[in-house]
Structures are given as structure tokens and as C-alpha cells.
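Each chain, written out:
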Amino acid sequence: VNVKGILSAKNGMNIYRGCLHGCIYCDSRSKCYHFEHDFEDIEVKENALSLLENGLKHKRKKCMIQMGSMCDPYMPLEKELKHVINQQTKCVVQMTLTTFDENLCQKLEPGVCTTQRRIEVLKELHKNGIPTIVWLTPILPFINDSQENILKILEECHEAGVKGIICFGMGVTLREGSREYYYKQLDRLFPGMKEKYQMTYNDQYTLNSPHNRDLMNLFFKKCQEYQMMCNYLE
């Protein structure tokens, strides 16, 4: 599709709408984003690069562009289109890690390489002088909200030279649209889990883990120990 604009007021940019990663918790499936096509049928903003080039010419100051706030900029389709690969531009690469359990990872994020492979990528980026940030989110109640999981992820981040961790608290958010999809996947992957969620949270937007406080204390402690920046956004 052709679009009228590409850069937001805060210099955010989404070249794609929709995703092939298949993460069961994805907020971008929410009804409020008004997808008029199947989520897996990727909408490509084919005039995005020309709009970006024109927009940057009118910037008074240099800025950092944030990509992928809604849909991942490095989905499999990017291998073919190569819209966001540039070997000359400085960057900070941000990556999501949710679980150290490889089998669980393949259930939660079936279309993405597993956590261990992502750790290898983080190490390679660090080796090449590219700063990295990890999003430790979401931590799904009753599924990956264990001390062991948090400790293993943070340990690997430290060994991979990750600069900082972004965490929204130990839990997940569900809106209309994403909630229905998430519960459907819970029924398929974790029989009985949907009912546990409904009994515990009803239709809440923010679903904090019962262990949220203890896990957050552990999170801050380990980030300080490893000298990794951390950002807890409530």
C-alpha cells in the first residue's frame, strides 16, 4: 500500500503492519489498531523509504528513529525486501526475551528463532560494537513467571554484553482482540490455563504475576549486580 506519512511526531516508524512471528501474546492484534486484513497477511508500506528520505531532509536536528513499536521490523519478509538494513547507519538493536526454556519459547513465539539463538545474535552484535537492549516482556502469569527464568535470562544478557533491560513489570496486558487470541492459544497449548486466567483476572487490562513484587526485586538486584541499565515502566 501507499501511505501519506511514515514518521510519527516522536520519530517512530512502522514499515510493516502485521507479523509472521505468531507470538501468542502480541498486543498488536488488539481491536484498537483497526487491522482490516488478516494479521499474518503483511501490509507493506511500499513508499515508506521515499517518504522517510524526504522527511529526514526537513529535520532541523539529527534524530534517532525507532522502528518496530507495533510490528517487528525484522520479520522473515525482511530477508526479501531489505527495507530496514543499512550498513552505514549507527543503531541500537532491541530484542525481546521472554523465556529461557527452548520448548516453551517455541510454543509462545513459534515463528521466531529460539531464545538461545537470540542470545547468540546479541553476542555477535556486542562483538561488532553494536549496543543492545533487551525487552524482558511479557512475563506470563503461571507460565514463565519463575525466579529461575528471570535469573537465567539476565545471566545470559550479562554474558552477551547487553547494555540495558526494559521491563514493564512481571505480567502481560490484554486488550479486546489480543485477549481472545491469547485465550484461544492457551486452550490449545495449556489446557485449563484459560479458566485459571479468567478466574484470577476476569477482563483486566493489566495481568500482574502473583510473584510480581518478588520478581521485580530480583530483577533490580541482578541488573545492579551486572551493571546493566534497567527501566521499569508502570
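The coordinates are above.
As the structure is a computational prediction, the values presented were derived from the model and not from experiment.

## Observations concerning the packing of aromatic side chains
Move 1: Per the stated rule, a full pass over the model turns up nine aromatic pairs.
Move 2: With a centroid separation of 5.8 Å and 50 degrees between ring planes, the pair formed by Tyr-197 and Tyr-201 is classed as tilted. Of this pair, Tyr-197 and Tyr-201 both sit in helix H7 (residues 193-201), four residues apart, roughly one helical turn.
Move 3: We classify Tyr-197 as buried; its relative accessible area is 0%.
Move 4: Note on Tyr-201: relative accessible area 6%, which makes it buried.
Move 5: Here the aromatic cluster, defined as three or more aromatic residues joined through ring pairs, consists of Phe-142, Tyr-182, Tyr-183, Tyr-197 and Tyr-201.
Move 6: The aromatic ring of Tyr-181 is capped on one face by Arg-29, whose charged end is 3.7 Å from the ring centroid.

## Quick notes on the pattern of salt bridges
Move 1: A complete count under the given rule lists nine salt bridges for this structure.
Move 2: Glu-176 is the salt-bridge partner of Lys-31, the closest N and O atoms lying 3.4 Å from each other. You can see Lys-31 sitting in the loop between strand E2 (16-17) and strand E3 (43-44) and its partner Glu-176 sitting in the loop between strand E8 (171-173) and helix H6 (178-189), a full 145 residues away along the chain.
Move 3: In this structure, the salt-bridge partner of Arg-117 is Glu-120, at a minimum N-O distance of 3.0 Å. Of this pair, Arg-117 and Glu-120 both sit in helix H4 (residues 115-127), separated by three residues, roughly a single helical turn.
Move 4: Overall, the relative accessible area of 46% leaves Arg-117 in the partly exposed class.

## With respect to helix H8 (residues 212-226)
An α-helix turns once per 3.6 residues; consequently, residues spaced three or four apart project the same way.
Move 1: With 15 residues, H8 extends 21 Å from end C-alpha to end C-alpha; this agrees with the ideal 21 Å at 1.5 Å per step.
Move 2: By the burial criterion, the buried members of H8 are Asn-212, Leu-215, Met-216, Leu-218, Phe-219, Lys-222, Cys-223 and Tyr-226. On an axial view of H8, the arc spanned by its buried residues comes to 160 degrees, and they lie on one face. Along H8, the residues that are exposed and aim more than 90 degrees away from the buried face are Arg-213, Lys-221 and Gln-224.
Move 3: Trailing H8 by a residue or two, Gln-227 shows a phi angle of about 55 degrees, which is positive.

Cut-offs used in this document
- Residues numbered from 1 in each chain as written.
- Predicted model: local features only at pLDDT ≥ 70, side-chain atom pairs only at ≥ 80, totals over all residues.
- Heavy atoms only, no water.
- Phe/Tyr/Trp six-rings, centres within 6.5 Å; stacked < 30°, edge-to-face > 60°.
- Helix = DSSP H or I, 4+ residues; strand = E, 2+ residues; numbered from the N terminus.
- Buried < 20%, exposed > 50% of the residue type's maximum accessible area, 1.4 Å probe, protein only.
- Lys NZ or Arg CZ within 6 Å of the ring centre and 35° of its normal.
- Salt bridge = Lys/Arg side-chain N within 4 Å of Asp/Glu carboxyl O.
- Expected span 1.5 Å × (residues − 1).
- Arc of directions from axis to C-beta.

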